[in-house]
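# Residue-level structural notes
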Amino acid sequence: MLDLIDITKRYEIGTFRQTALDSVRLSFRNHEFVAVTGPSGSGKTTLLNMIGGLDRFDSGDLLIDGKSTAHFSEAEWDAYRNHSIGFVFQTYNLIHHMSVLANVEIGLTLSGVSAEERRQRALDVLKKVGLSDHVHKKPNQLSGGQMQRVAIARALVNDPDIILADEPTGAIDSETSKQIMDLIRNISKEKLVIMVTHDEGIAKAYAHRLVSLKDGRIESDSNPYHNHMDKEGRLRIKKTAMAFSQALKLSFSNLKTKKFRTIITAFAGSIGIIGIALVLSIANGMNREIDRLERTTLAEFPIQIDPVPFDLDAAREQGGPPGRAPEPDDLEKHPDGTTITPYERTLRTTQHVNVITDDYLDHIDALDESLYNEVAIERRVNMNLLRQRETGEVINVNTGHINFSQTLSKEAFFDDTYDILEGRRPDNEHELLLVIDEYNRLNARIINALGLSDTTTYQFEDFIGMRFTVALLDEYYVFNETSDLYRARTDLGDFFDTDDLGIDVEIVGIARMSDDAVSSFLSPGIKHHPDLTALYLEDARTSEIGMAQMESDTSVITGLPLSSSAKQAFLRTLGVDSTPVQIRIYPASFEDKDAITAHLDAFNEGREESEEIRYTDIAAIVIAITGDVIDGISYVLVAFSAISLVVSSIMIGIITYVSVLERTKEIGILRSLGARKKDITSVFNAETVIIGFIAGVLGITIAWGLTFPINVIIRRLVDGVENVAVMPLTLPFILIMISIALTFISGLIPARIASNKHPVEALRIE
Ligand code: ADP
Ligand code: MG
């Protein structure tokens, strides 16, 4: 069934040419026991390798069942080796990290036999060679004779037609050799056995046919065979393929024998993963912390409508806060001389100016009340507040000093935020509230502004019932014909002597911020009912002095000229111009904020840019800035970790390469059993996949473990900041995949090197 026709094989070492086989012509019968003898270096092994398809001849042809192999593809050779040939080597060539059973099974795994059948067939042949009791041992737990039996079992398990044995007893004592030879002779009853031996005694005792070689030529053949046209078609050529699961199993069992190194390798590979996992965990935890902060603390920040909205981008671009005077084009810096130039504060042309209109106030009025806790509308109006001391003297109370402003507009929210310590909440324009701080203190400035001494303590009842008068503009300012200006009324006592002057107001309650209030809305001092504002502004708008000031470009009180902005400010102080300078909307909850901003955005829809009113969301700015910072830091740290990931990948590549070198013999064995190049690549890819997986799991586990001490340390360092490092749930999965991918890539080249190893040379390695 096999015919060698003028097979020639030469080896070239530099310029030296060694002819290992020289026009060998030889035919074999279907069943016979052929012993090939000859001195060392005569070409016996080379001949066997040619027949077994482990190596290619330079010229001539090998006919298998009369079929030429000259144009065989790699796949056909692989299949031929796997199905038709069983190799038995002098040095057994067993895979050391696998059990006897697994060693025998391996040939079957390449031909795609089911696990169950594989096991059964392997056990059967092991029984045949007398090793039933040793199937779970590792090769190095066996004697030489036993190892050779395993090798024979492996050669037989696929039921090949040809057994090729290269000095099978060369390393075995003579007693055991006899048993092995008996076994081989038995096999030859059904198969073609070609055995190489330099021991002529053994050859003569067992073989049916002796072929001797010398210098690569056939010197003698005891029983030549010439019937070349023998075509029984027994040889099967079926493609082999190793399942990736088998490759994984092979690599896994190999890695198991090198546990320590595998762990160290995986650990090295995991360092980058640890770094990235930690960085991302911290970024994640920080973002969650910010989110929490956003929901609790930052939710207390109002949405603010200022004359000039704060624009983070513009501020960054222009390098300064809004409202800073622009650089002049026509003046030089640090000038000589003694002149001082007045200038009007104008805004940068690029800056947006909010012109708050009545429309806008109506729009805010239309806001769903449940969305906010408070809408604070700030105006510059400066009411004339008068108080008569016990001595009868009337004093002007500085409204700025006593923080004279509106109390909260929503009663329910007021009750949640403030405790009434004495009296009640103001109910109408005549009622005032005194707000004191958490320690029941009042700033001396407030006390003094009320005309009281700050050197004694006071009782609640000292303030309850304290009366004031709010002087309306025309009551307070009287036109003076001679100066053509308005002057404050000279006798302020009139306000207290007559009933028809001023709006009488009286402190009716004392309040303090409650314990569980999150932030303070009212500064300590005296607060009035919103109705008082309305009343006062309504009056101011139609006041005589107000009208007069509207008409004039000089102050109607001082007679001095006013710039347009100074005039506007003055009109606001008087209350004639009631445009708010600021509106603050305090959302009821974080979720409501979006609804509020959506409502505010709706106002701008369809309006010209100049008419738009832009709000400032302080919380959003804080979040944007901190978010940017955290993102920036994360990128840098991720970049560093990525470098370590690359370094560890390279290392894994090197280690895989070392593994390739170490497993060269195994590569040769697998190839001799019919493994394709692809299968060899698979085995090493499987190894890197396993290492990558272990590295990923290890990295994730270590990083996860580290998040706990990190959190403890950060909690100690920064008060109230908890769980800064929190691993996102998807991260382990993603990073393990990355780890596998990277180690896989770094192992590709070594795996390719492995698969390109020449099987014969690979087998030669010890
Ligand atoms: P035998 O098995 O009979 O001892 P071999 O078949 O191993 O002999 O070798 C035949 C000849 O070919 C020897 O001279 C040997 O040195 C040479 N040879 C075998 N393999 C190689 C190789 N890979 N490279 C170079 N020379 C080789
Ligand atoms: Mg040899």
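Higher on the page you've got the structure.
Residues numbered from 1 in each chain as written. Chains lettered and ligands numbered in written order. Predicted model: local features only at pLDDT ≥ 70, side-chain atom pairs only at ≥ 80, totals over all residues. Heavy atoms only, no water.

This brings us to the overall build of the protein. Looking only at helices and strands, the protein has 25 helices and 24 strands in total. Its C-alpha atoms give the protein a radius of gyration of 49 Å, more than 25% over the compact-globule value 27 Å for 766 residues. Seen through its principal axes, the protein has C-alpha atoms that stretch 155 × 60 × 50 Å. Put simply, the protein has 766 residues, and 49% of those count as buried. Here the analysis covers contacts within the protein between residues at least 6 apart in sequence; of these, 79% occur between residues at least 24 apart. For the protein, the exposed area adds up to about 37600 Å²; of that, 54% sits on carbon and sulfur atoms. (Helix = DSSP H or I, 4+ residues; strand = E, 2+ residues; numbered from the N terminus. Rg over C-alpha atoms; globule rule 2.2 N^0.38 Å. Buried < 20%, exposed > 50% of the residue type's maximum accessible area, 1.4 Å probe, protein only. Contact = heavy atoms within 4.5 Å. Areas by Shrake-Rupley, 256 points an atom, 1.4 Å probe, with all protein chains shown as cover.)

Time to look at a nonpolar patch on the surface. Nonpolar side chains collect at one region of the surface, where Ile625, Val629, Ile633, Val636, Leu637, Phe640, Ile643 and Val647 lie side by side and expose about 720 Å² of accessible area between them. Within the secondary structure, Ile633 sits in helix α21 (residues 618-662). Residue Ile633 is classed as partly exposed on the basis of its relative accessible area, which comes to 48%. (Patch = residues over 30% accessible without salt bridge, like charges linked within 9 Å, V, L, I, M, F, W, Y side chains within 5 Å. Salt bridge = Lys/Arg side-chain N within 4 Å of Asp/Glu carboxyl O.)

Before going further, it helps to examine helix α5 (residues 144-157). Here α5 is 14 residues long and its end C-alpha atoms lie 20 Å apart, about the 20 Å a rise of 1.5 Å per residue gives. Extensive coverage of α5 is indicated by the burial of 13 of its 14 residues. (Expected span 1.5 Å × (residues − 1).)

Once that is clear, we can look at the sheet that holds strand β3 (residues 32-37). The strand order β6-β7-β8-β3-β9-β10 describes an open sheet built from 6 strands, whose pairing is mixed. Lying at the two open borders of the sheet, with one neighbouring strand each, are β6 (85-88) and β10 (217-221). Strand-to-strand twist across the sheet, computed as the mean angle between neighbouring axes with direction ignored, equals 20 degrees. Pairing geometry for β6 and strand β7 (residues 162-166), over 4 bridges, is parallel. Bridge assignment links Phe87 to a residue of β7, and that residue is Leu164. Against the sheet, helix α1 (residues 44-52) makes contact with β3, β6, β7, β8 (192-196) and β9 (209-214), and its axis sits at roughly 155 degrees relative to β7, the strand it touches most. (Pairing = 2+ DSSP bridges. Axes fitted to C-alpha atoms, helices over the stretch in contact; angles between N-to-C directions.)

Here Ile290 shows up in helix α9 (residues 259-295). Using a relative accessible area of 15% as the deciding quantity, one classes Ile290 as buried. In sequence terms Ile290 and Val622 are 332 residues apart; their C-alpha atoms lie 9.6 Å from each other. Residues in contact with Ile290, not counting those within four places in the same chain, are Ile623, Thr626 and Ile630.

This next bit is on the pairing of strand β2 (residues 16-28). On any regular strand, side chains alternate: one points to one face of the sheet, the next to the other face. In the sheet, strand β1 (residues 2-13) pairs with β2 via 9 bridges, with the strands oriented antiparallel. Note on β2: the bridge partner recorded for Leu4 is Leu26. Counting the residues between successive antiparallel strands, the hairpin from β1 to β2 contains 2 residues, one of them, Gly14, with a positive phi of roughly 65 degrees.

Attention now moves to the site of ligand 1. Taken together, 14 residues lie near ligand 1, and Gly41, Gly43, Lys44, Thr45 and Thr46 sit nearest. At 3.0 Å, a backbone N or O of Gly43 approaches an oxygen atom of ligand 1. One of the side-chain N or O atoms of Thr46 is found 2.4 Å from an oxygen atom in ligand 1. In isolation ligand 1 offers 560 Å² of accessible surface; the protein chains occlude 75% of this area. Broken down by element, the shell around ligand 1 gets its largest block of residues, 3 residues, from α1. (Near = heavy atom within 4 Å. Polar contact = N/O pair within 3.5 Å; in protein donor to acceptor, adjacent residues only side chain to side chain.)

Let us look at the pattern of salt bridges. Side chains that carry opposite charge are capable of pairing whenever their charged atoms lie near each other. Overall, the coordinates contain 33 salt bridges when judged by the stated rule. A salt bridge links Asp55 to Lys9; the nearest nitrogen and oxygen atoms lie 3.6 Å apart. Placement of Asp55 in the loop between α1 and β4 (59-64) and of Lys9 in strand β1 is noted, with a sequence separation of 46 residues between them. Here the two residues Asp55 and Lys9 agree in accessibility, since each one is buried. Across the pair Arg185 and Asp182 runs a salt bridge whose closest N-O atoms are separated by 3.5 Å. In this pair, Arg185 and Asp182 are both assigned in helix α6 (residues 174-187), 3 residues apart and thus about one turn of the helix distant. Given a relative accessible area of 33%, Arg185 falls into the partly exposed group. Here the salt bridges share partners, and the residues they tie into one network are Arg29, Glu32, Arg209 and Asp221.

As a further point, take the side chain of Asn384. Along the polypeptide, Asn384 turns up in strand β13 (residues 384-388). Ignoring sequence-local partners within four residues, the contact set of Asn384 consists of Thr469, Val470, Ala471, Leu473, Tyr476, Tyr477 and Tyr536.

Membership of the largest hydrophobic core comes to 52 residues, with the highest contact counts inside it found for Leu2, Leu4, Phe28, Leu47, Ile51, Leu62 and Tyr80. Counting only domains with at least three residues in this core, you end up with domain 1 (2-241) and domain 2 (256-297 + 623-764). Setting aside anything within four residues of it in sequence, one finds Ile51 in contact with Leu2, Leu4, Phe28, Leu62, Tyr80, Ile85, Leu164 and Ile194. In terms of nonpolar packing, the next biggest core, distinct from the first, is built from 45 residues, Val381, Phe404, Leu450 and Ile510 among them. (Core = buried A, V, L, I, M, F, W, Y, C linked by side-chain atoms within 4.5 Å. Domains from an automatic or database assignment.)

Right, let's get into the packing of aromatic side chains. Pairs of aromatic rings are described using the distance from one ring centre to the other and the angle between the two planes. Counted by the stated rule, this structure contains 11 aromatic pairs. Ring centres of Tyr360 and Phe603 lie 4.6 Å apart, and the angle between their planes is 80 degrees; on these two criteria the pair is classed as edge-to-face. Here Phe603 lies in helix α20 (residues 590-604) and Tyr360 lies in helix α11 (residues 358-365), a separation of 243 residues in the sequence. For the residue pair Tyr360 and Phe603, the accessibility class agrees, reading buried in each case. Three or more aromatic residues link up through ring pairs in this structure, and these residues are Phe72, Trp77 and Tyr80. Across from the ring centre of Phe684, 5.1 Å away, lies the NZ or CZ of Arg663, which sits over that ring. (Phe/Tyr/Trp six-rings, centres within 6.5 Å; stacked < 30°, edge-to-face > 60°. Lys NZ or Arg CZ within 6 Å of the ring centre and 35° of its normal.)

Within the secondary structure, Thr8 is located in strand β1. Apart from residues lying up to four places away in sequence, Thr8 is in contact with Leu21, Asp22, Ser23, Phe57, Asp58 and Ser59.

Note: β3 against β9, 4 bridges, orientation parallel. Each residue of the ladder has a partner; that of Val34, found in β9, is Arg209. Relative to β10, β9 runs antiparallel, the two sharing 4 bridges. Counterpart to Val211 in the pairing with β10 is Asp221.

In this section: the packing of α5 against α6. Here α5 crosses α6 at 10 degrees, and the two axes come no closer than 10 Å. Taken as axis vectors, α5 and α6 run roughly parallel relative to one another. Contact with α5, carried on its side by Gly145, Gln148, Arg149, Ile152 and Leu156, involves Thr176, Gln179, Ile180, Leu183, Ile184 and Ile187 of α6 and no other residues of that element. Among the residues forming the contact of α5 with α6, the class breakdown is 6 nonpolar, 4 polar and 1 charged. (Parallel < 35°, antiparallel > 145°, perpendicular 65-115°, else oblique. Nonpolar A, V, L, I, M, F, W, Y, C, P; charged D, E, K, R; others polar.)

Between helix α4 (residues 115-128) and α5, the least distance of the axes is 9 Å, while the angle of their chain directions is 130 degrees. Classed by the angle they form, the pair α4 and α5 counts as oblique. Judged by the sense of rotation from one axis to the other, the crossing of α4 with α5 is right-handed. Where α4 abuts α5, its residues Arg121, Ala122, Val125 and Leu126 lie against Ala153, Leu156 and Val157. (Left-handed = near helix turned anticlockwise from the far one by under 90°.)

What follows concerns the sheet that holds β4. Sheet strands line up and pair through hydrogen bonds in the backbone, either parallel or antiparallel. Across the sheet, which stays open at both edges, the 4 strands sit in the order β2-β1-β4-β5 with antiparallel pairing between neighbours. Edge positions in the open sheet fall to β2 and β5 (67-68), since each of these has one partner strand only.

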